[in-house]
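Architecture at a glance
Spelled out, the chains give:
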Amino acid sequence: MKLVIAIVQDEDASRLITHLMNEGYGVTKLATTGGFLKSGNTTLLVGVDDCRFEGCMAIIEKVCKSRKQIATSPITMGGGTAGMYSSYPIEVTVGGATVFVLTVEQFVKY
Ligand code: 2BA
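The following paragraphs examine the structure supplied in this document. Predicted, not measured: the structure shown is a model, and the values here were computed from it.

**Focus: the site of the ligand**
Inspection of the region around the ligand gives Ile-7, Gly-34, Gly-35, Phe-36, Leu-37, Asn-41, Val-92, Thr-93, Val-94, Gly-95, Thr-98 and Phe-100 as its neighbouring residues. A distance of 2.8 Å is found between an oxygen atom of the ligand and a backbone nitrogen or oxygen belonging to Phe-36. In the model, an oxygen atom of the ligand is placed 3.0 Å from a nitrogen or oxygen of the Asn-41 side chain. Counting only elements with at least two residues in the shell around the ligand, the list comes to β5 (84–94) and β6 (97–103). Ranked by the residues each element gives to the shell around the ligand, the list is headed by β5, at three residues. Tallied by class, the residues present in the shell around the ligand amount to six nonpolar, six polar and no charged.

**What to know about the packing of aromatic side chains**
Summed over the entire model, instances satisfying the criterion amount to zero aromatic pairs. We note Arg-52 situated over the ring of Tyr-25; from NZ or CZ to the ring centre the distance is 4.2 Å.

**A few points about helix α2 (residues 50–63)**
For α2, built from 14 residues, the straight-helix expectation of 20 Å at 1.5 Å per residue is met to within 8% by its first-to-last C-alpha distance of 21 Å. Within α2 the residues assigned to the buried category are Phe-53, Cys-56, Ile-59, Ile-60 and Val-63. For α2, the buried positions fall inside an angular range of 130° around the axis, keeping them on one side. Summarising the geometry of α2, the exposed residues directed more than 90 degrees from the buried face are Cys-51, Glu-54, Glu-61 and Lys-62. In this structure, the buried side of α2 is in contact with β1 (2–8), α1 (10–22), β3 (40–48) and β6.

**Remarks on the environment of Arg-15**
Within the element layout of this structure, Arg-15 appears in helix α1. Residue classification places Arg-15 among the partly exposed positions, given a relative accessible area of 41%. Taking the C-alpha atoms as reference, Arg-15 lies 8.9 Å from Cys-64; in sequence the two are 49 residues apart. Apart from the residues within four sequence positions on either side, Arg-15 is in contact with Val-63 and Lys-65. At 3.4 Å, the side chain of Arg-15 and the backbone oxygen of Val-63 are in polar contact.

**With respect to the sheet that holds β6**
The four strands are arranged β2-β3-β1-β6 in an open sheet whose pairing can be described as antiparallel. The open sheet terminates on both sides in strands that have one partner only, identified here as β2 (26–33) and β6. On average, adjacent strands in this sheet sit at an angle of 20° to one another, irrespective of strand direction. With eight bridges connecting them, β2 and β3 associate as antiparallel partners. Residue pairing for β3: Lys-29 is matched across the bridge by Leu-44. Seen against the sheet, α1 touches β1, β2 and β3 and runs at an angle of roughly 20° to β3. Its contacts with the sheet put α2 on β1, β3 and β6, and the angle it makes with β1 is roughly 5°.

Parameters and conventions
- Once a new chain begins, its residue numbering starts again from 1 and follows that chain's sequence as written.
- Only residues with pLDDT of at least 70 are given local features in this predicted model, and only at 80 or more are side-chain atom pairs given and counted; all residues enter the totals for whole chains, interfaces and linings.
- Computation of side-chain values: all heavy atoms of the structure, hydrogens and water removed.
- For this purpose, a residue is taken to be near a molecule or strand whenever a single non-hydrogen atom of the residue falls within 4 Å of it.
- In protein, a polar contact means a hydrogen-donor-capable atom and an acceptor-capable atom, both N or O and within 3.5 Å, with residues adjacent in sequence counting only if both atoms are side-chain atoms; elsewhere, any N or O pair within 3.5 Å suffices.
- Strands here mean DSSP runs of E at least two residues long; helices mean DSSP runs of H or I at least four residues long; both are numbered from the N terminus.
- Each residue is assigned to one class: nonpolar for Ala, Val, Leu, Ile, Met, Phe, Trp, Tyr, Cys and Pro, charged for Asp, Glu, Lys and Arg, and polar for all the others, Gly among them.
- Two rings from Phe, Tyr or Trp (for Trp, the six-membered ring) form a pair when their centres are within 6.5 Å of each other. A pair whose planes differ by under 30 degrees is stacked, one over 60 is edge-to-face, and the rest are tilted.
- Lysine NZ or arginine CZ positioned within 6 Å of the ring centre and within 35 degrees of the ring normal marks a charge as sitting over the ring.
- Multiplying 1.5 Å by the residue count of a helix minus one yields the expected span of that helix.
- For every residue, the accessible area obtained with a 1.4 Å probe (protein chains only) is divided by the maximum for its type, and the residue is called buried under 20%, exposed over 50%, and partly exposed between those limits.
- By arc we mean the arc of the directions from the helix axis to the C-beta atoms, nothing more.
- Residue contacts are counted whenever heavy atoms from the two residues lie within 4.5 Å of one another.
- Here a strand pair is declared whenever DSSP counts at least two bridges between the two strands.
- Structural elements are reduced to axes, namely lines fitted to C-alpha atoms, with helices fitted over the stretch in contact, and the angle between N-to-C directions of any two is expressed from 0 to 180 degrees.

This is the structure we're talking about:
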């Protein structure tokens, strides 16, 4: 069994959950925040039998789109504690999905 941890954009989350559930996958949704953009994203936990793993990954790849996002990132000018904070716009490409796959040692439901 595998545990798929998929970090996706909020815009794709509902559709992805619907697709996965329709195909019989169990899904847990977590509201998360990206460390770089400091904006909301969604992390899905999907526990899958090995024989259904590729199908799960295919759905994630199909549904999740990469998008360009303009972010205003605070930077420190002058350095040190006396430095001034400024911000400038930067463009980053986010997603489709950042996916971690873990092998599950044990899976129990009580
Ligand atoms: P964020 O950390 O908010 O990052 C959003 C996007 O900003 C990233 O998209 C990437 O294109 C860009 N980015 C991130 N760190 C950067 C940096 N130091 N310099 C320049 N650009 C940077 P993705 O790579 O598609 O990541 C989307 C989200 O997936 C991330 O949101 C984060 O929540 C998660 N993530 C990505 N890699 C991760 C990792 N190795 N471990 C844990 N979470 C990760």
